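One-letter residues, chain by chain:
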Amino acid sequence: VIADGSGNIISGVKSVEGMVVTDCEPIFADGKLQWIRVKDGEISFEQITDFKESGTWEISDRVVEARDPWDGTSDTSWYQEEKTTFEISTPEQLAGLAELVNGGNTFAEKKVLLTNDIFLNDETYSNEWTPMVGWEGTFLGNAYGIYNMYTTDEASGGLFSSIGENGKVIAVNISQGLLEAGGCIADENYGIIAMCNNYSYVCGAYSGWEMTGGICNTNYNWVYGCKNYGTVCGSYVGGI
């Protein structure tokens, strides 16, 4: 049934085909009631979009089907020390960026432009992402999405673990991610995060992390124009 904000029932009983009840609290965003479910080890996102007062609800899967998902390898062939601007369009190139950054290359005074949606996993979420530590460059997402990111509580973050004082992360969407700690953009931000959105599930409740955030976990500088559309859970949580 549909109820109003005071709990008054305002519709007849509606039937739903294929709904699986989960322990995850659904969220309402962008006109959709959305939730995550895990069944037989498989993770999926589902949604209800039909809010008419009568009839039958239809469940539609809001998951964007993976296109050319990450094969688990890293590609650093695009990097040249003398260049200051780089373009990344594949998950292997993004993994190569992480390899370089976590190897000590902060990308200070350099720019990395995302030129395509990137899928780090298919529906199995078998590839674990290692967040980048100490980012000092500019990452321009161009409103593209990084999909199906999976991190564990040992990873301490999402796309980045920490963004340095000169680091900037601008206009990237983290979608359909499953993150056990930190935030979708970073665990710690000392720089600038702007115009980024989280459409992922960030939960520290089952990983031992008490504090989690949708965009970033701990912020020491500037977060601007960002939105959290995902589910965030833990003892002390924030959308941003």
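Now for a description of the structure that goes with this document. (Residues numbered from 1 in each chain as written. Predicted model: local features only at pLDDT ≥ 70, side-chain atom pairs only at ≥ 80, totals over all residues. Heavy atoms only, no water.)

Next up on the list: the sheet that holds strand E12 (residues 162–163). With parallel pairing, three strands are arranged side by side in an open sheet as E12-E14-E18. Unpaired on one side and paired on the other, E12 and strand E18 (216–219) mark the two borders of the sheet. When E12 meets strand E14 (residues 186–189), the two strands line up parallel, connected through two bridges. Each bridged residue has a counterpart across the sheet, and for Ser162 the counterpart in E14 is Glu188. (Pairing = 2+ DSSP bridges. Helix = DSSP H or I, 4+ residues; strand = E, 2+ residues; numbered from the N terminus.)

Counting 38 residues, the largest nonpolar core has Leu97, Phe139 and Ile185 as its most contacted members. Counting only elements with at least two residues in this core, the list comes to strand E7 (85–88), helix H1 (91–102), strand E8 (111–114), strand E10 (138–147) and strand E13 (168–179). At six residues, the largest contribution of residues to this core is made by H1. Judged by nonpolar contacts, the second largest core, of eight residues, contains Phe45, Leu178, Tyr201 and Cys203. (Core = buried A, V, L, I, M, F, W, Y, C linked by side-chain atoms within 4.5 Å. Buried < 20%, exposed > 50% of the residue type's maximum accessible area, 1.4 Å probe, protein only.)

A positive phi angle, close to 65 degrees, is found at Glu109, a residue other than glycine. Along the chain, Glu109 turns up in the loop between H1 and E8.

With that out of the way, let us pick up the state of the cysteines. Linking two cysteines covalently via their sulfur atoms produces the bond known as a disulfide. Applying the stated criterion to the full structure yields one disulfide. Between the sulfur atoms of Cys203 and its disulfide partner Cys233 the distance amounts to 1.8 Å. Measuring the twist about the S-S bond at about -135 degrees, one finds the Cys203-Cys233 disulfide to be left-handed. Of this pair, Cys203 sits in strand E16 (residues 197–203) while Cys233 is found in strand E21 (residues 231–233), placing the two residues 30 residues apart along the sequence. Here Cys203 and Cys233 have matching classes, each one buried. No disulfide involves Cys196; its sulfur sits 4.9 Å from the nearest other cysteine sulfur, which is in Cys226. Looking at Cys196, the relative accessible area reads 0%, which means it is buried. Accessibility expressed as a relative area gives 10% for Cys226, which makes it buried. (Disulfide = S-S within 2.5 Å.)

Such coordinate-based values are descriptive only and should not be taken to indicate function.
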